[in-house]
Amino acid sequence: MVTDQRPRLSREQIFRTAVARADRDGVEAVTMRNIATDLGVEAMSLYHHVANKAELLDGMAEVVLDSITAAVGSPVVNDPADWKPLLRKRILIARDILLGHPWAPALIGTRSPMTLSIVAYFDGVIGLLRGGGFSYELAHHAMHSLGSRALGFTQELFGPPADQSEPDAVAALTAMADRFPNIVGMMAADTHDDTGALLGWCDDQTEFEFGLDLILDGLERLRSAG
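The numbering scheme is per chain: residues are counted from 1 as the chain's sequence reads. Only residues with pLDDT of at least 70 get local features here, since the model is predicted, and only at 80 or more are side-chain atom pairs given and counted; chain-wide, interface and lining totals rely on the full set of residues. Side-chain calculation: all heavy atoms of the structure are included, whereas hydrogens and water are not.

### Quick look at the overall build of the chain
The helix and strand inventory of the chain stands at 11 helices and zero strands. Expressed as a percentage of the 226 residues in the chain, the buried residues total 35%. In this description, contact between two residues means that some pair of their heavy atoms is separated by no more than 4.5 Å. Across the chain, every contact between residues at least 6 apart in sequence was considered, and the portion connecting residues at least 24 apart equals 72%. Only carbon and sulfur atoms are counted for the fraction: they give 56% of the accessible area of the chain, which is about 13,300 Å². Secondary structure follows DSSP: runs of H or I at least 4 residues long count as helices, runs of E at least 2 residues long count as strands, and numbering of each begins at the N terminus. Relative accessibility thresholds used throughout: buried, under 20% of the residue-type maximum; exposed, over 50%; partly exposed, between the two (1.4 Å probe, protein chains only). Every accessible area reported is derived by Shrake-Rupley at a probe size of 1.4 Å, with residue values counting cover from the shown protein chains alone.

Next comes the structure, spelled out in structure tokens:
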């Protein structure tokens, strides 16, 4: 009797394999053909479970977001003063997971903002704010102030061109010190070095926590003022 030895596939298996490929080679290496090769199947087999590349990318984002939601859990604010350390911890846990998938922030920023995993995560953020005594109005302001930082990364306004590395961009600006003395002076005085905890242009751990703490401290002052 001949048995079918082809591996059984599932959507979750395909998405997790794609995440592993992106972790190893970058998200640009995620193609239906490459993922099929990693799974040991023909590329056409994937289309029985995933409609197209866009759906594959959506699934990869969901895998990362679901892992964040699982890791942060559902802490309860027993003392209103605990909202800030609990929220800070939640955000840094999310960031730690994203550091393991440095391609994910850019991908998440291009996917639908209304997936269940995103809604679940931010519902938890608002729950911590409400437990700390925030009105819904102030919680709304807080969410806008935090922006993507609430999920563990920052979306910088500026960055090097796609075809230019960060060192090249810095060198180009430095060469124009006579025209832009303040920017070049600031860059020359920059002393922190978090190359092992980087999620994008200027999104290193020092800058991330500096901005996060400024926002949380400001929100605490507003909360205390009622």
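### Focus: the nonpolar core
To define a nonpolar core, start from buried Ala, Val, Leu, Ile, Met, Phe, Trp, Tyr and Cys residues and group those joined through side-chain atoms within 4.5 Å. Within the largest apolar cluster, 56 residues are counted, with the highest numbers of intra-cluster contacts made by Leu46, Leu56, Met60, Leu87 and Tyr121. Elements supplying a minimum of two residues to this core: helix 1 (11-25), helix 2 (32-39), helix 4 (53-72), helix 5 (83-99), helix 6 (104-108), helix 7 (116-131), helix 8 (136-146) and helix 11 (205-225). With nine residues, the single largest contributor to this core is helix 4. Contacts of Leu87, omitting those with residues within four sequence positions, involve Val125, Leu128, Leu129, Leu146 and Leu216.

### A few points about the environment of Ala150
Among the secondary structure elements, Ala150 is positioned in the loop between helix 8 and helix 9 (166-174). Looking at Ala150, the relative accessible area reads 0%, which means it is buried. In this structure the C-alpha to C-alpha distance between Ala150 and Ile91, which are 59 residues apart in sequence, comes to 5.8 Å. The residues contacting Ala150, other than those within four sequence positions of it, are Ile91, Tyr121 and Phe122.

### Remarks on helix 7
A helix's residues, less one, multiplied by 1.5 Å, set its expected span. Helix length check: helix 7 (16 residues) gives 22 Å between terminal C-alpha atoms against 22 Å at 1.5 Å per residue, within 8%. Taken together, the buried positions of helix 7 are occupied by Ser117, Ile118, Tyr121, Phe122, Val125, Leu128 and Leu129. Projected down its long axis, helix 7 shows its buried positions confined to an angular sector of 120 degrees, all on one face. Along helix 7, the residues that are exposed and aim more than 90 degrees away from the buried face are Leu116 and Asp123. Buried positions along helix 7 lie against helix 4, helix 5 and helix 8. Following helix 7 by one or two positions, Gly133 adopts a phi angle in the positive range, close to 100 degrees. The reported arc concerns the directions from the helix axis to the C-beta atoms and nothing else.

### With respect to the pattern of salt bridges
When a carboxyl oxygen of Asp or Glu is within 4 Å of a side-chain nitrogen of Lys or Arg, the pair counts as a salt bridge. Overall, the coordinates contain 10 salt bridges when judged by the stated rule. Residues Asp38 and Arg21 are paired through a salt bridge, measuring 3.0 Å at the closest nitrogen-oxygen approach. Within this pair, whereas Asp38 is found in helix 2, its partner Arg21 is found in helix 1, the two being separated by 17 residues in sequence. What makes Asp38 partly exposed here is its relative accessible area of 34%. The exposure class assigned to Arg21 is buried, which follows from its relative accessible area of 13%.

### What to know about the packing of helix 8 against helix 11
Here an axis means a line fitted to C-alpha atoms, over the contact stretch when the element is a helix, while the angle between two N-to-C directions is reported on a 0 to 180 degree scale. Look at helix 8 against helix 11: their axes get within 10 Å of each other, and the N-to-C directions meet at 165 degrees. Judged by the angle between their axes, helix 8 and helix 11 are roughly antiparallel. In the packing of helix 8 onto helix 11, the handedness of the crossing is right-handed. Taken together, the residues of helix 11 that come into contact with helix 8 (itself represented by Leu138, Ala142, Ser145 and Leu146) are Leu212, Ile215, Leu216, Leu219, Leu222 and Arg223. As a working rule, the residues Ala, Val, Leu, Ile, Met, Phe, Trp, Tyr, Cys and Pro are called nonpolar, Asp, Glu, Lys and Arg charged, and the rest polar, with Gly in that last group. Here the residues of the contact of helix 8 with helix 11 sort into eight nonpolar, one polar and one charged. Between 65 and 115 degrees an angle is taken as roughly perpendicular, under 35 as roughly parallel, over 145 as roughly antiparallel, and anywhere else as oblique. Take the far helix as your reference; a near helix turned counterclockwise from it by less than a right angle gives a left-handed crossing, and one turned clockwise gives a right-handed crossing.

### Points about the packing of helix 4 against helix 7
It is the contact of helix 4 with helix 7, at a shortest axis distance of 9 Å, that shows an interaxial angle of 25 degrees. In terms of orientation, helix 4 and helix 7 fall into the roughly parallel class. The interaxial crossing formed by helix 4 with helix 7 has left-handed handedness. For the pair formed by helix 4 and helix 7, the contact residues are Glu62, Leu65, Asp66, Ile68, Thr69 and Val72 on the first element and Ser117, Ile118, Ala120 and Tyr121 on the second. For the contact of helix 4 with helix 7, the per-class residue count stands at six nonpolar, two polar and two charged.

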